[in-house]
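Understanding the architecture of this molecule
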Amino acid sequence: MIYSHEVEHMCVVKKGPNHGPAPIPEEGKWVKAKEIKDISGLTHGVGWCAPQQGACKLTLNVKDGIIEEALIETIGCSGMTHSAAMAAEILPRKTLLEALNTDLVCDAINTAMRELFLQIVYGRTQSAFSEGGLVVGAGLEDLGKGLRSQIGTMFSTKAKGVRYLEMAEGYVTKIALDADDEVCGYEFVRVGPMMDLIKKGVDANEALKKSTANYGRFTKEQGAVKFIDPRID
């Protein structure tokens, strides 16, 4: 250690109380974190790239400072999907500090990692007060049946109005309009369950039929007057 000339000639003043860091909540315990291995928790965060053309939702499950589980969901940029694939291979087994200082390929994923780091080291995780934390694999619960990201994709113009394209329920195939040409319902396909049926040998048309449902006032008896394809009409 090299000291400046001024510091070399200073007298020693002893430090008084040293209570250590403030305890933070981690998986149902209060922990005074001094090292990365003292950190545990599952949490989510969102990041964005510099031009803000895409975003990433990142979920990490950290146990004793090590990333045991990562869920990476991206939207808005085709290249980000491939970046997510690479980041998913990079993140597990790394310490939280290693991950923070690793290039995760995409700005949005790197930004999400930064936001998660702050949440985790300050004890603001989703599992802060869950005794024992959450099991590895808990991140998949965000996806629901069919293991697909829950996406809302809508498009609208002043001239032609709104078009529902994708909802949490699934891929929207039809929009129902009432007598005032206002949306009153929609038909959707649960893509994940449909693909599961096809993999089991069910005919594709039959799988599509079984995976199709609707929401709202979708029949003529309920007030639907017109049906449009949101991608064509």
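Residues numbered from 1 in each chain as written. Predicted model: local features only at pLDDT ≥ 70, side-chain atom pairs only at ≥ 80, totals over all residues. Heavy atoms only, no water.

A complete count under the given rule lists 9 salt bridges for this structure. The shortest N-O distance in the salt bridge between Arg114 and Glu115 comes to 2.8 Å. On the accessibility criterion, Arg114 (39% relative accessible area) is partly exposed. The class of Glu115 is partly exposed, set by a relative accessible area of 23%. (Salt bridge = Lys/Arg side-chain N within 4 Å of Asp/Glu carboxyl O. Buried < 20%, exposed > 50% of the residue type's maximum accessible area, 1.4 Å probe, protein only.)

What follows concerns the sheet that holds strand β3 (residues 41-48). If you trace the 3 strands from one edge of the open sheet to the other, you get β3-β4-β5, paired in antiparallel fashion. Each edge of the sheet is formed by a strand with only one pairing partner; in this case those strands are β3 and β5 (66-75). Looking at each pair of strands side by side, their axes are set apart by 15° on average, direction ignored. Relative to β5, strand β4 (residues 55-63) runs antiparallel, the two sharing 9 bridges. Residue pairing across strands places Ala55 opposite Ile75, the latter belonging to β5. Contacting β4 and β5, helix α2 (residues 78-90) runs over the sheet at an angle of about 175° to β5. Across the sheet, helix α4 (residues 107-121) lies against β3, β4 and β5, angled at about 140° from β3, the strand it touches most. (Pairing = 2+ DSSP bridges. Helix = DSSP H or I, 4+ residues; strand = E, 2+ residues; numbered from the N terminus. Axes fitted to C-alpha atoms, helices over the stretch in contact; angles between N-to-C directions. Contact = heavy atoms within 4.5 Å.)

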